[in-house]
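The residues making up each chain are set out below.
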Amino acid sequence: MAGRINDEDVKAVRDAVPIDAVVSEYLQLRNAGGGNLKGLCPFHDEKSPSFQVSPAKGLFHCFGCQEGGDTITFVMKVDHLTFSEAVERLAGKAGITLRYEEGGYNPSHQRGERIRLIEAHKAAAEFYAAQLESPEAEIGRAFLAERGFDQAAAAHFGVGYSPAGWDHLTRFLRGKGFSDKELVLSGLSQDGRRGPIDRFRGRLMWPIRDIGGEVVGFGARRLRDDDNGPKYLNTPETPIYKKSQVLYGIDLAKKEIAKSSRAVVVEGYTDVMACHLAGVPTAIATCGTAFGGEHIKILRRLLMDNGSARVIFTFDGDAAGQKAALRAFEDDQKFAAETYIAIAPDGMDPCDLRLAKGDAAVADLVEPRTPLFEFALRQIVARYDLETPAGRAAALDEAGPVVARIKNSGAQHEVAVQLAGMLGILDTQFVVKRVAQLARWARDRGGKGPAPQRGPQPVPARTPAGPSGPALNLRNPVYATERELLKLALQRPDLVSPAFDAYGVDEFTAAPYAAVRQAIMDAGGAECGTQDPQEYLVRVREAAPDDTVRAMVTELAVEAIMRRTVDEAYAGDQLVTVRLRAVDRRIRDVQGTFTRLSGGHGDPAQLAAVQNELWVLQQYGRALRERGAAAL
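Note that the structure is predicted; figures quoted are calculated from it, not measured.

Thresholds, definitions, all that
Residues numbered from 1 in each chain as written. Predicted model: local features only at pLDDT ≥ 70, side-chain atom pairs only at ≥ 80, totals over all residues. Heavy atoms only, no water. Pairing = 2+ DSSP bridges. Helix = DSSP H or I, 4+ residues; strand = E, 2+ residues; numbered from the N terminus. Axes fitted to C-alpha atoms, helices over the stretch in contact; angles between N-to-C directions. Contact = heavy atoms within 4.5 Å. Expected span 1.5 Å × (residues − 1). Buried < 20%, exposed > 50% of the residue type's maximum accessible area, 1.4 Å probe, protein only. Polar contact = N/O pair within 3.5 Å; in protein donor to acceptor, adjacent residues only side chain to side chain. Core = buried A, V, L, I, M, F, W, Y, C linked by side-chain atoms within 4.5 Å.

Asker: Pulling in residues and values, what's your account of the sheet that holds strand S9 (residues 203–209)?
Answerer: Strand order in this open sheet of four strands is S6-S9-S10-S11, and the pairing throughout is antiparallel. Edge positions in the sheet fall to strand S6 (160–162) and strand S11 (232–234), since each has one partner strand and no second. If you compare each strand with its neighbour and ignore which way they point, the axes differ by 35° on average. Both S9 and strand S10 (residues 215–222) contribute to a ladder of seven bridges, which runs antiparallel. Within the sheet, the bridge partner assigned to Ile 208 lies in S10 and is Gly 217. Across the sheet, helix H7 (residues 138–146) lies against S9 and S10, angled at about 70° from S9, the strand it touches most.

Asker: How would you sum up helix H25 (residues 547–558)? Please name residues and give values.
Answerer: In this model H25 runs 16 Å from its N-terminal to its C-terminal C-alpha over twelve residues, within 8% of the 16 Å that 1.5 Å per residue would give. Among the residues of H25, Val 549, Ala 551, Met 552, Val 553, Thr 554, Glu 555, Leu 556, Ala 557 and Val 558 are the ones counted as buried. Two or three places before Thr 548, at the opening of H25, Asp 546 has a side-chain oxygen 3.1 Å from that residue's backbone nitrogen.

Asker: Explain the nonpolar core to me, and be specific about the residues and the numbers.
Answerer: Of all hydrophobic cores here, the largest spans 77 residues; its most connected members are Phe 51, Phe 74, Ile 250, Ile 257 and Leu 299. Residue contributions to this core peak at seven residues, all from helix H17 (residues 372–381). Residues within four places of Phe 74 in sequence aside, it is in contact with Val 22, Val 23, Tyr 26, Leu 27, Pro 42, Phe 43, Phe 51 and Phe 60. Within the second largest apolar cluster, 44 residues are counted, among which are Phe 157, Tyr 269, Ile 312 and Val 362.

This is how it looks when you write it as structure tokens:
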């Protein structure tokens, strides 16, 4: 069994790797004020950014889906890793050597499965790249040269060559300590009659990297006529490679995509290379599958779906390319970005276009011109005889529902007007009304009500499971001060301690807030946060009894404090208000007890004690009202 990672090393990893640097590998972050950053959540679909990162606290929290945690938690969730695997990955980035307790550290047995598969792919990529220089790989070098790619281009993209023998890579990786089971699981080898053999043999190899830059698979291009396999052979589905969730070139293009709010989607590996070398560094491609919903999620997080975002698809001009364009249009409404299509003259792909007409022609090709919806509608309309009323009506029947899918009513109206022009229908308003009617019918049939609105929508806070009934709205003014005080205790413990540490759990009336108060208490109190704020938050989160309370801790630690100027006076006001409400509640309880006992049936000694408690509480309440925080 793997040894437990030393606690000091875990802390060192947390401190060494800034959370904003890690998160920025997966989504675009922008200033959210108060030292926080915001972006589109990678854990659920959203149109407006509710995902926040606090670099100072080393935490993230999504106010939409309630996911949250520290740098390690983020890597665990986004890449589906275990705790140890996430720490190991971050330690590798930071150059930290980890120590393992409960015995020595054996890399070949103690590392997590994902880490091992990633390491196998990294070693394979280095092996293939080295093999491209071998005499046998001359055919591969010639293939690249014929397409305008020199040695520097091949090195930049990590292009390599897989030897034609049965088990060259398999033997190489065995020598690196990888087991046969790991090699088959990784997809680099496959079972043969006498054990594992290489999956890729005698082919040009493109390493496929995830958004974080880790090699997770390969695309292999056939070079020889006697190779009976497909023209392109990709890594099969593995624990680290899902073709619907990877985009070739995303690791190289992500920064430019985020910076320019623009992405160019091409069809192949050589097209990505051609675009990047021609000065279009936002080019990416799918890996042996159609562009779909999971790919859109990756791009949306980088584009941030602002008003100027653009996605340009390049497809071949043949029937297959047109079919691919229509398939892409099926998902068009999942973007908030505007989508366009670019088809080169003579149907050339970007690689061929660069060879024939140079870099400038490629850059010009991907300038947005034809909106994808317009291309899709023209493909539909072209199938009908528009010279006859029956043909125009039939074309409207097919194209109308396509326009009706456009959620934005203004855009829908504009496209409907364009459709009327394409069809040659002079009564534009007839087409507009027909499209609007189709949109209403679609909504009614789907039971989805009105089209979704853009912009942030209020999201009820998640609360621990409990009795059925109305959801507890933790943003209710009744709870506002309790929420604010807990935020101060987590974010500015120096302003509320040591007074806060004397507050009882019962002074927080919302059960989730009481649970957070208990977690702070179990972590040693707010006063601990004055020494090492980040470690203090880690301890509070670890002290939380379950994921729900842990998520609430993270939310309160990241959420902005309601006042711009946060000082001792403001903190004192929150302390006093929470304490005063607790005192008033206790006074009401004691008054009820006093009323029952004073009916003549109670114990005189007990009655006197209750009367004394009531007097003390009333005096304390008066002092709080008159003297404020000084009375605490």
